[in-house]
Amino acid sequence: MKVELAKSAGFCYGVRRAVEVAQQAAASGRPCVMLGHIIHNNSVIEALEAQGVSVVERPEDAPAGSAVIIRSHGEGKAVYDALQARGAEIIDTTCPNVSRIHKLVAQAEAEGRRPLIIGSPSHPEIQAIAGWCTNAVVLDGPEALGDWLAADPRRCRMPLAMVSQTTSTRERWERCIKKAKKECTNIKISDTICNATCKRQAEAQELAARNEAMIVIGSRESSNTRRLAELCAALCPTVLWIERAEELEPSNLYGKASVGITAGASTPGWIIKEVYDKMSEENMEIEESFAEMLEKSIKTLNTGEKVTGVVTGITPTEIYVDLGAKQAGYIPVSELTDDPTVKVEDIVKIGDEIETYVMRVNDQEGVVTLSKKRLDSVKNWEDIEQAREEKTVVEGLITEENKGGVVANVKGIRVFIPASQTGLPRDAAMTELVKQKVRLRITEVNRARKRVVGSIRAVQAEERAAKAAEVWNNIEVGKRYAGVVKSLTSYGAFVDIGGVDGMVHISELSWSRIKHPSEVVKVGDAVEVYVISFDTEKKKISLGMKDRNQDPWAVFTDKYSVGDVANVRVVKLMTFGAFAEVVPGVDGLIHISQIADHRIDKPGDVLAEGDMVDVKITDIDYEKKKVSLSIRALLDDAQGADAE
């Protein structure tokens, strides 16, 4: 009989880590308890209980002073809060892949999305995930998803976020994705199936397809073991699902030319070995020694694989990672990130879980060279493609000016932004964007050519449209705005008041007479304006800058009376005289006969616009608000004083 053992049989990284942490806690001698079974395997739980680590079902059942071990399936936020409130020490063995889902659903809800969790509602992993949000919907597969969407047509338009139980089958998850993409208009999908689970399921299916019988080893409570048995049963006529070697009945395998063996993620190696020993006692032929097969199933690392480990040390040149394998892993700093501005300590810390890419395995030296940068690059390309599909806004740093545009660094990927899409005026220098963080939309992705095109202008246009809608919804006469001068014309200034441009007529810029708006403002000035009138249909707004609370006539009459002398500015020459500004907003007339002490042909013979001259106020018409001024009166007064 030929026997094949799946390379990925037995503990996955998350389960192995949980058991090791629990064993270390037990060996330390300090009192500790498990909050529920840390993994779905009664033999492991019994072994831990024999070492003094008992099981409690609720946080309040934990004895005072005992450390509490959180199981690999994780717990909801309320459990952590309850333990912290009791002052209990928490030993967290939650699988890193499950912890990631906790963060995803919490973030989704914070963004206003309703989490959809695909998995078994009664499974502790699913219950823990749901405990990190308040409004999650748990659905066991594509049919349940379809029924939930059909029950209320509005759900298809809701902002949703979909995640999966880590041990779900790839086929079931893909069907859910297909259904969601077809029905939902605003859904964010995160692939959270564990890579180790997918690999174990694929290997089990390959074995089942080419062997006459399959042995599946694992707890009846284990969700991933159940799925292994289901997948094998679909491809192999004889499937034996056992928890321990004593359940194996060799007679069920008589006449079988080949047998495949696989085991769930919560099955320890010593149980797999028990099964092997029992088969060996029955004189079954084993093509490869169990020790070698087990070593391969647990210890082998291959170039190109994605692996998860724990950061154990950081130096100026390397980051050391425990991969739970016989080789020591390290990441050269040059392989940590593509972003030259990021510091190592901002990315990783000792004790962090980190997912990396295996670059090279050196069995002779016992080391594995890893790269986070390469793995991130793959993920970042996926994020870029998703951003284009979902038309989401991304942030980038402008790194250089390029021919016809600028280049932004978005998650380590070069994004070309054409000049027409930078959002700058045509005559503006694009160099002013360099080293600036910008918000942009991805418009084109060609992964094969490593070409990505983006647009800052598209984001600005959307933001401006949103601001404009806000302005038009709340505008009213007299309302004041802080604005920015966008352009000048001979008749006024256009001011941006938040997505909408309004015009300040030249007569509304100042109480003083001016010939051009540039005498008062320039492009780019921050100004305070108020609404004089508006037309929502024609989208026109008339603005003012003059302080309406300041009455120029009141200022004038408070300061001057008939007979006073004032220094005035000549603002306009006419054939019959000259107008001069006494105070901003109040002009007086110097009649041609009052310009000099002798006859003149025209005011321009003596005065020019802009001249500052002393005048005597000879008359004030308070009713018509008119002022008469005289230069001649001052000259006559001076001559009279000289004669005396």
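Refer to the preceding data block for the structure.
Attention here is on the structure that accompanies the text. As the structure is a prediction and not an experimental result, all values here were calculated from the model.

**A short note on the overall build of the protein**
At step 1: From N to C terminus, the protein includes 16 helices and 32 strands.
At step 2: Seen through its C-alpha atoms, the protein measures out along the principal axes to roughly 145 × 55 × 55 Å.
At step 3: Expressed as a percentage of the 644 residues in the protein, the buried residues total 45%.
At step 4: Entry remark: accessible area of the protein is about 32700 Å², with carbon and sulfur atoms responsible for 48%.
At step 5: Computed over 83 positive and 96 negative side-chain charges, the separation of the two mean positions in the protein equals 4 Å.

**Observations regarding the pattern of salt bridges**
At step 1: Within the structure shown, the criterion is met by 32 salt bridges.
At step 2: As a salt-bridge pair, Glu 60 and Arg 58 come within 3.5 Å of each other at their nearest N and O atoms.
At step 3: Judged by relative accessible area, which is 44%, Glu 60 ranks as partly exposed.
At step 4: The partner of Arg 464 in a salt bridge is Asp 496, and the shortest N-O contact between them spans 3.0 Å.

**Focus on helix H9 (residues 223–233)**
At step 1: Counted residue by residue, H9 has 8 buried out of 11 residues, so it is predominantly covered.
At step 2: Among the residues of H9, Ser 223, Asn 224, Thr 225, Arg 227, Leu 228, Ala 229, Leu 231 and Cys 232 are the ones counted as buried.

**Points about the sheet that holds strand E11 (residues 238–242)**
Across a sheet, strands are paired by hydrogen bonds formed along the backbone, either parallel or antiparallel in direction.
At step 1: Ordered in space as E1-E12-E10-E11, the 4 strands form an open sheet in which the pairing is parallel. Edge positions in the sheet fall to strand E1 (2–5) and E11, since each has one partner strand and no second. Along the sheet, successive strands turn relative to each other by an average axial angle of 20°, direction set aside.
At step 2: As paired strands, strand E10 (residues 213–217) and strand E12 (residues 258–263) are joined by 5 bridges and run parallel to one another.

**Quick notes on unusual backbone geometry**
At step 1: The phi torsion at Lys 411 lies on the positive side, around 55°, for a residue other than glycine.
At step 2: The residue Lys 411 is located in the loop between strand E19 (405–410) and strand E20 (413–418) in this model.
At step 3: Its relative accessible area of 48% is what places Lys 411 among the partly exposed residues.
At step 4: If you check the backbone angles, Lys 539 has positive phi at about 55° while not being a glycine.
At step 5: Residue Lys 539 is classed as partly exposed on the basis of its relative accessible area, which comes to 49%.

Calculation notes
- Residues numbered from 1 in each chain as written.
- Predicted model: local features only at pLDDT ≥ 70, side-chain atom pairs only at ≥ 80, totals over all residues.
- Heavy atoms only, no water.
- Helix = DSSP H or I, 4+ residues; strand = E, 2+ residues; numbered from the N terminus.
- Buried < 20%, exposed > 50% of the residue type's maximum accessible area, 1.4 Å probe, protein only.
- Areas by Shrake-Rupley, 256 points an atom, 1.4 Å probe, with all protein chains shown as cover.
- Lys, Arg positive; Asp, Glu negative; His and termini not counted.
- Charge placed at Lys NZ, Arg CZ, Asp CG, Glu CD.
- Salt bridge = Lys/Arg side-chain N within 4 Å of Asp/Glu carboxyl O.
- Pairing = 2+ DSSP bridges.
- Axes fitted to C-alpha atoms, helices over the stretch in contact; angles between N-to-C directions.

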